[in-house]
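As a plain string of letters, each chain reads:
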Number of protein chains: 2
Amino acid sequence: MTKILVVDDEPALVRTLSINLRARGYEVTHAFDGRTALQCIAEDTPDVVVLDLGLPDLDGVQVIRRVRRTSELPIIVLSARHDSDDKVEALDEGADDYVTKPFGMDELLARVRAAVRRRTPSSAHPEPVRTDHFTLDFAERVATRDGSPVKLTPTEWNLLEALAIRPGHLVPQAELLREVWGPGYEKDTHYLRVYVAGLRRKLEPEPGRPRYLLTDPGQGYRFSC
Amino acid sequence: MTKILVVDDEPALVRTLSINLRARGYEVTHAFDGRTALQCIAEDTPDVVVLDLGLPDLDGVQVIRRVRRTSELPIIVLSARHDSDDKVEALDEGADDYVTKPFGMDELLARVRAAVRRRTPSSAHPEPVRTDHFTLDFAERVATRDGSPVKLTPTEWNLLEALAIRPGHLVPQAELLREVWGPGYEKDTHYLRVYVAGLRRKLEPEPGRPRYLLTDPGQGYRFSC
DNA sequence: GCGCCTCTTGACGGTTTCTTAACGCATGAC
DNA sequence: GTCATGCGTTAAGAAACCGTCAAGAGGCGC
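Residues numbered from 1 in each chain as written. Chains lettered and ligands numbered in written order. Predicted model: local features only at pLDDT ≥ 70, side-chain atom pairs only at ≥ 80, totals over all residues. Heavy atoms only, no water.

**Student:** So what exactly am I meant to see when it comes to the overall build of chain A here?
**Tutor:** Secondary structure assignment for chain A yields eight helices and 12 strands. For chain A, buried positions account for 49% of its 225 residues. Put simply, of all contacts in chain A between residues at least 6 apart along the chain, 56% involve residues at least 24 apart. On chain A, roughly 10700 Å² of surface is accessible, and the fraction owed to carbon and sulfur atoms is 49%. (Helix = DSSP H or I, 4+ residues; strand = E, 2+ residues; numbered from the N terminus. Buried < 20%, exposed > 50% of the residue type's maximum accessible area, 1.4 Å probe, protein only. Contact = heavy atoms within 4.5 Å. Areas by Shrake-Rupley, 256 points an atom, 1.4 Å probe, with all protein chains shown as cover.)

Put into structure tokens, the structure is as follows:
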């Protein structure tokens, strides 16, 4: 069953949305502020989030940013503001769609359907990795080495994920750069050098002689478990 | 390079979009009507389509429907109409996103980035080769000989690939040089001598008496498995 | 505002890969 | 036999690439 989290500080709107969504067969949970929303996302693991930008505590964009650190959960943004900058900012932070209040219920439902349809298995995280020297849990973004936790930055996780989604496979430099930094970065290979070095320092037993994060000079990198 | 197809019947808008998208590093093609658009999609295989709903020949929704029969190509819809029904219909037919004219360029660019991010990458390579003495996996760029891995350089892989696309067939020297080193290198046959020698040394059981990488003197080389 | 963390950017040295040249061998023409 | 041409082999210098370090910019939380 598809779960939808509705985040808005107007109880009336939340109620209207809940009724309509439930009538279409969705399971609906709700939150009235940003912190609660983040908690619900972590605990209830909804399939889609409908998020109002104007919340009492956190800015909606911040909520998107936090969520995007760890997941690709589809987010549909609601906003009363007509200003286009908001849309841009929210979309750039990783929102999937944007609806301006007031909106028709049909439109919102269509966008929810589109978001649910998009939620493909390919957006799922790579399998957790367990080697002799470290473990990686991509869903939780937790890494351990010799039993103790290792801190990885968001970019390091993104890069690792791009490599670990196909363990043992060569991933071309341009593809890594596009997936982690975005289109237009395909030639900035120095990013890869810096971040691979960082990952090796944190994960490899001998960073100077890598065993897991391997280089194919002139081609790309591969993650071997 | 990420290819974007812009479909709109207003040349001025197409031009503006093309300039902006190209400035962001995208490759842009365009069509002014629905039939041409479908043709472009089939032939140019763009990565994202930006599609105006109001086209002279076909309805934009019909274009979406046709495309969705065969692919999941991300489609961003443009429309001058403010009517919400259009949005609903387009999204339900499988459009990924919807922008109402007039729109800010920043907003559209953000939506394009979001669509590109969602798209799954893929590419084509010759079939893997398996002989009595070695195996070649072109997608992974992994070669093994007698069970143990063999390291090949990027140029060696490119040359092997040019030969292995048509196993058993003679490939003229000029063609190999053009495909691997680029146009203008058609006469630099010494490259072939050097690199074929390298490949034989790494792959052939008796490099002096080649069995897989064969020479047709004065003409070219062929790869026989 | 302040400190912390992350990302970006530049510089340097070591390594791999590419390019180029030289030489030996075979073949065929004269 | 001698020469010319094309191919195979090797090695050395040039260029490109990679790993590493560190300084500076920017964002975020407090």
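**Student:** For this particular structure, what's the right way to read the environment of Ala80(A)?
**Tutor:** All names here are of chain A. For Ala80, the location among the structural elements is in the loop between strand E4 (75-79) and helix H4 (84-92). When its relative accessible area of 52% is taken as the criterion, Ala80 is described as exposed. Expressed as a C-alpha distance, the spacing of Ala80 and Lys101, which sit 21 residues apart in the sequence, is 4.7 Å.

**Student:** Can you help me understand the sheet that holds strand E2 (residues 27-31) of chain B in this one?
**Tutor:** Adjacent strands of a sheet form backbone hydrogen bonds with each other and so pair up, either parallel or antiparallel. Residues and elements named next belong to chain B. If you walk across this open sheet you meet the five strands as E2-E1-E3-E4-E5, and the pairing is parallel. At either margin of the open sheet sits one strand with a lone partner, and together these are E2 and strand E5 (97-100). Within this sheet the neighbouring strands show an average axis-to-axis angle of 20°, counted without direction. The pairing of strand E4 (residues 75-79) with E5 spans four bridges and is parallel. Bridging from a neighbouring strand, Val77 pairs with Tyr98 of E5. (Pairing = 2+ DSSP bridges. Axes fitted to C-alpha atoms, helices over the stretch in contact; angles between N-to-C directions.)

**Student:** Looking at this model, I keep getting lost on the protein's contact with DNA strand C. Mind explaining?
**Tutor:** Not every one of the 17 residues close to DNA strand C is listed here, only the nearest: Thr153(A), Thr155(A), Tyr191(A), Thr155(B) and Tyr191(B). Counted by atom, the contact set of DNA strand C within 4 Å of the protein is 83% sugar and phosphate. Between DNA strand C and the protein, one listed contact pairs a phosphate oxygen with a side-chain N or O atom of Thr155(A) at 2.3 Å. The separation between a phosphate oxygen of DNA strand C and a polar side-chain atom of Tyr191(B) is 2.5 Å. Every element with two or more residues in the surface near DNA strand C is listed here: helix H6 (154-164) and helix H8 (189-203) of chain A together with helix H6 (154-164) and helix H8 (189-203) of chain B. Partitioned by chemical class, the residues of the surface near DNA strand C number 11 nonpolar, six polar and no charged. (Near = heavy atom within 4 Å. Polar contact = N/O pair within 3.5 Å; in protein donor to acceptor, adjacent residues only side chain to side chain. Nonpolar A, V, L, I, M, F, W, Y, C, P; charged D, E, K, R; others polar.)

**Student:** Please explain the interface of chain A and chain B as it appears in this structure.
**Tutor:** Accessible area lost upon the coming together of the parts serves often as the stated size of an interface. The partner chain B presents 30 residues to the 31 residues of chain A that form the contact. Approximately 2400 Å² of surface area, both sides summed, lies buried where chain A meets chain B, with 46% of it carried by carbon and sulfur atoms. On inspection of chain A and its partner chain B, the count reaches two salt bridges. Measuring nitrogen to oxygen at the nearest pair gives 2.8 Å for the salt bridge that ties Arg113(A) to Asp92(B). On inspection of chain A and its partner chain B, the count reaches five residue pairs in polar contact (both at pLDDT 80 or more). Residue assignment for the side of chain A that touches chain B shows that the elements contributing at least two residues are H4, strand E5 (97-100), helix H5 (105-118) and helix H7 (173-181) of chain A. Looking at the side of chain A that touches chain B element by element, the count peaks at eight residues for H5(A). Counted by class, the side of chain A that touches chain B contains eight nonpolar, eight polar and 15 charged residues. (Buried area = accessible area lost by both parts, 1.4 Å probe. Salt bridge = Lys/Arg side-chain N within 4 Å of Asp/Glu carboxyl O.)

**Student:** Help me understand the confidence of the model for chain A, please; the structure alone is not making it clear to me.
**Tutor:** As a general rule, the predicted coordinates of low-pLDDT regions are not to be interpreted in detail. In the predicted model, chain A carries a mean pLDDT of 85, and 94% of its residues have values of at least 70. Within chain A, the element-level pLDDT minimum falls on H4(A), averaging 72, and the maximum on H8(A), averaging 96. (pLDDT = per-residue confidence, 0-100.)

**Student:** I would appreciate a short explanation of the sheet that holds strand E6 (residues 129-130) of chain B in the present structure.
**Tutor:** All names here are of chain B. Spatially, E6-E7-E8-E9 is the arrangement adopted by the four strands of the open sheet, whose pairing is antiparallel. Edge positions in the sheet fall to E6 and strand E9 (148-150), since each has one partner strand and no second. As judged from the three bridges shared by strand E8 (residues 142-145) and E9, these two strands associate in the antiparallel manner. Looking at E9, one finds that Arg145 is bridged to Ser148. Sheet strands in contact with H8 are strand E7 (134-137), E8 and E9, and its direction is about 50° off that of E8.

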